[in-house]
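# Chains, contacts and geometry: an overview
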Amino acid sequence: MVTLEDFKKLEIKIGTVISAERVPEGEKLVKFVFDFGSEKRQIMAGVAEFFPDFSVLAGKQMPILINLEPRTFRGHESQGMIMAANLDGHPVFLSPEEKVPAGSVVK
């Protein structure tokens, strides 16, 4: 169990996918670039096997945990974490019911 104060420490914002491409050095790794309105961020995710065509993700809006400590994967820095549901090991990206401004705060 976490407290409400613990939850309030999480900074989750809606990002709009600018680009998504497979990282040659990583079999499962995809490099996303997200627009958050006032900034752009690179997010790495191990989802390549689930998306044969990354171009369909361009323009998609997703909630991103943005105050996570940066990590490096195969030489590429990840500046956040994509929020997704897990359906039998397959990621299902979440998105707002309607289009919102990039950088909108999730509460």
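Going by the structure above, here's the rest.
These remarks concern the structure in this document. Please read all numbers here as calculations on a predicted model, not as lab measurements. (Residues numbered from 1 in each chain as written. Predicted model: local features only at pLDDT ≥ 70, side-chain atom pairs only at ≥ 80, totals over all residues. Heavy atoms only, no water.)

## Brief notes about the packing of aromatic side chains
Applicable threshold: Stacked, tilted and edge-to-face are the three classes applied to pairs of Phe, Tyr and Trp rings, where Trp contributes its six-membered ring and a pair requires centres within 6.5 Å; stacked means planes under 30 degrees apart, edge-to-face means over 60, and tilted covers the rest. We call a residue buried when its accessible area falls under 20% of the maximum for its residue type, exposed when it is over 50%, and partly exposed in between, using a 1.4 Å probe and counting protein chains only.
Using the criterion set out here, one finds four aromatic pairs in the structure. Considering the side-chain rings of Phe32 and Phe34, the 5.7 Å spacing of their centres and the 25° angle between planes classify their relative orientation as stacked. Classification of Phe34 by relative accessible area gives buried; the value is 0%. Where Phe34 meets Phe36, the ring centres are 6.2 Å apart and the plane angle is 35°; that geometry is what we call tilted.

## Comments concerning the side chain of Ser78
We apply this condition: Helix and strand assignments follow DSSP, with helices taken as H or I runs no shorter than four residues and strands as E runs no shorter than two, numbered in order from the N terminus. Between N or O atoms, a polar contact is any pair within 3.5 Å; within protein, one atom must be a potential hydrogen donor and the other a potential acceptor, and residues adjacent in sequence are included only when both atoms are from side chains. Should any heavy atoms of two residues lie within 4.5 Å, those residues are counted as being in contact.
Secondary-structure assignment places Ser78 in strand E6 (residues 76-78). A polar atom in the side chain of Ser78 sits 3.0 Å from the backbone nitrogen of Met44. A polar side-chain atom of Ser78 sits 3.2 Å from the main-chain carbonyl oxygen of Gly80. For Ser78, the contacting residues outside a window of four places in its chain are Gln42, Ile43, Met44, Pro70, Arg71 and Phe73.

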